[in-house]
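# A look at the structure
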Amino acid sequence: MTVKILGELKKLLSLRSLQARIFIIVLVVGLIPSLIMHHGILGSYEERSVQNRIATVQNQLMIVGNHLISNNYFHTKPEGYNSSVSREVINAELEMISNLYEGRVMIINSSLKVVKDTYGISTGKTIISEEVIQCFHGENLFHYDKEHGYIEMTTPIIDTSDSSGAIVGVMLTSISSEAIAATLEVLDRKAAILGNLIFVGVVALALVLSVVLTRPFNRVTEAINEVNAGYSNESISVPDYAETVKIVEAFNHLLSRMKALDASRQEFVENVSHELKTPMAAVKVLADSLLSQGDAPAELYREFLVDIASEIDRENRIITDLLALVKMEKKAQELNIISLNVNDLVELILKRLRPLARKKDVEVVFESMRPVMAEVDEVKMTLIMTNLVENAIKYNKEHGWVRVELDADYQYFVFKVSDSGIGIPEDSLAHIYERFYRVDKSHSREIGGTGLGLAITKNAVLMHRGVINVTSVEGEGSSFTVKIPLTCALGTS
Ligand code: ADP
């Protein structure tokens, strides 16, 4: 269990892992809104509280201001009903406000003289304050000093008895904002507790999601590892996400290709063993039958030895063809390219094969449309041409013919071999390039075929980036056409 948790943590520490990225994304998406909400809510609470407090105090001050005007507070000489009694009442109102809001109220007249200070310190003094002067000009200001815990504001005292509404005095008030700060502190503490709970919740959610969401990918890895380790040979299935389905499909495709390759390799090995064992078995039968006849005549020995030699030749041919094929597959990229006169090469090959044709009573004709120079591998070209012409002679009828044609355009040269032979059945046409495939096994063996010739030929053609095609009518003859680029540069483009 601890190993598993350690493993998950290790994955989380690696930023390249999907799990780590999901974890970080969920964490960020979960925490940022809660942080913004925390600061936003506390900030707007503070702003609203300050505004409310100012509005409440301003209201009360306005009422006191009206009393001041109605009682002619600013006139030193008692006029009308400005009596010391009403002055006392107003002062008591002011004291009450300053006590209620833990603050100080100063009343300043139009000559900037402090008429009343609830602290009693500045009464009679002149005050030069920007806020006060601005208030006389009709601008109501306030200042919130969070650090020192007070709000300062100015309130105009408007002469309501005068229709012009002149400002005859200003109340400069500072009140404590401690209550707001205290509430803020409580809220902040609660928000911090809530924030911590949210943090723990979001971390847990991020962990769970990062593990759960990446689990299908882990399942894909596990399934592939199982196939790798050989526990399972079946195609795998992880249908959780469209992405895993795609990965798994691609893997299954690869798996089936590998299986097919493995099967074909196995089949090849089986075929090779079978093909190599057949001549050996024949030799063994011939030798055994000679040995069983103690006094067999010399002619019989001779006859049997000729058969044994021919089986050994056959074995040799198979091994030579196999080696040629294997060598070609191993060195698939290696071509020994030279500039070659193809007409001369065809002439040479036909010269070599004429004795075989004569033996079979087959007429071989060569039609060359033009001289052809090509950049090709001479050995592989020889293999291609020899195999095709040899097959055309081997699988021919008596008094048959073989026509070899050579032509070229500015890009390719075309080598075509047609014969009047036995032809190839339609359903065999798709298989003739397979290793060891023969249309008629016993007939092919009789005439010395190994079933590897066309496989070698096709390989060599493909190495030159050429194409090989066949058309055939059973009983009438076949025609093989090879098209090869004149230069390697053309082939590789
Ligand atoms: P093999 O060594 O048996 O000739 P190949 O690979 O050269 O092997 O040819 C495969 C099979 O294709 C042959 O066994 C034969 O049945 C058939 N085949 C090839 N060329 C011809 C042809 N020109 N006419 C008729 N059958 C052919």
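As a starting point, this report considers the structure included with it. (Residues numbered from 1 in each chain as written. Predicted model: local features only at pLDDT ≥ 70, side-chain atom pairs only at ≥ 80, totals over all residues. Heavy atoms only, no water.)

Further remarks concern the packing of helix H2 (residues 18-70) against helix H5 (residues 178-229). In a packed pair of helices, the relevant descriptors are the angle between the two axes and the axis-to-axis distance. Packing of H2 against H5 leaves a shortest axis separation of 8 Å and a crossing angle of 165°. Relative to H5, H2 is oriented roughly antiparallel. Crossing handedness for the pair H2 and H5: right-handed. Its residues placed into classes, the contact of H2 with H5 shows 26 nonpolar, eight polar and three charged. (Axes fitted to C-alpha atoms, helices over the stretch in contact; angles between N-to-C directions. Helix = DSSP H or I, 4+ residues; strand = E, 2+ residues; numbered from the N terminus. Parallel < 35°, antiparallel > 145°, perpendicular 65-115°, else oblique. Left-handed = near helix turned anticlockwise from the far one by under 90°. Nonpolar A, V, L, I, M, F, W, Y, C, P; charged D, E, K, R; others polar.)

This brings us to the side chain of Asn396. Here Asn396 is to be found in the loop between helix H9 (378-394) and strand E9 (401-408). Within the structure, the side chain of Asn396 is placed 3.0 Å from the side chain of Ser420, a separation counted as a polar contact. Polar side-chain contacts of Asn396 include one of 3.4 Å to the backbone nitrogen of Gly421. For Asn396, the contacting residues outside a window of four places in its chain are Val362, Trp401, Val402, Asp419, Ser420 and Gly421. (Polar contact = N/O pair within 3.5 Å; in protein donor to acceptor, adjacent residues only side chain to side chain. Contact = heavy atoms within 4.5 Å.)

Turning next to the site of the ligand. Surveying the vicinity of the ligand reveals 20 residues, the closest of which are Asn391, Tyr395, Ser444, Thr450 and Leu454. A distance of 3.0 Å separates a nitrogen atom of the ligand from a polar side-chain atom of Asp419. Residue Ser478 places a side-chain N or O atom 3.4 Å away from a nitrogen atom belonging to the ligand. Coverage of the ligand by the protein amounts to 97% of the 530 Å² it exposes when considered alone. Because more than half of its atoms lie within 2 Å of the grid, the ligand is assigned to the largest pocket. Secondary-structure elements contributing two or more residues to the shell around the ligand are H9, helix H11 (453-463) and strand E12 (477-485). Ranked by residue count, the leading element in the shell around the ligand is H9, at three residues. Here the residues of the shell around the ligand are counted per class, giving nine nonpolar, eight polar and three charged. (Near = heavy atom within 4 Å. Areas by Shrake-Rupley, 256 points an atom, 1.4 Å probe, with all protein chains shown as cover. 1 Å grid on protein atoms, 1.4 Å probe; cavity = no way out; pocket = protein on both sides within 12 Å on 5 of 7 lines; lining within 4 Å. Sits in = over half its atoms within 2 Å of the grid points.)

Throughout the structure, instances matching the rule amount to two aromatic pairs. Stacked on the ring of Phe268, the Lys or Arg Arg435 has its end atom at 4.1 Å from the ring centre. (Phe/Tyr/Trp six-rings, centres within 6.5 Å; stacked < 30°, edge-to-face > 60°. Lys NZ or Arg CZ within 6 Å of the ring centre and 35° of its normal.)

A few words on the sheet that holds strand E7 (residues 363-368). Ordered in space as E7-E9-E10-E12-E11, the five strands form an open sheet in which the pairing is mixed. At either end of the open sheet lies a strand with only one pairing partner, and these are E7 and strand E11 (467-473). Direction aside, neighbouring strands of the sheet carry axes that sit 10° apart on average. Summarising the sheet, E7 and E9 pair through six bridges and their orientation is parallel. Of the residues in E9, the one forming a bridge with Phe366 is Val404. (Pairing = 2+ DSSP bridges.)

Most of E12 sits out of view: seven of its nine residues are buried. The turn linking E11 back onto E12 is made up of three residues, and Gly475 within it adopts a positive phi angle of 85°. (Buried < 20%, exposed > 50% of the residue type's maximum accessible area, 1.4 Å probe, protein only.)

Another point: a nonpolar patch on the surface. On the surface, a cluster of nonpolar side chains totalling about 340 Å² of accessible area is made up of Ile24, Val28, Ile32 and Ile36. Accessibility expressed as a relative area gives 36% for Ile24, which makes it partly exposed. (Patch = residues over 30% accessible without salt bridge, like charges linked within 9 Å, V, L, I, M, F, W, Y side chains within 5 Å. Salt bridge = Lys/Arg side-chain N within 4 Å of Asp/Glu carboxyl O.)

Along the chain, Ser428 falls in the loop between strand E10 (412-419) and helix H10 (441-446). For Ser428, the residues in contact, after removing those within four places along its chain, are Tyr437 and Val439.

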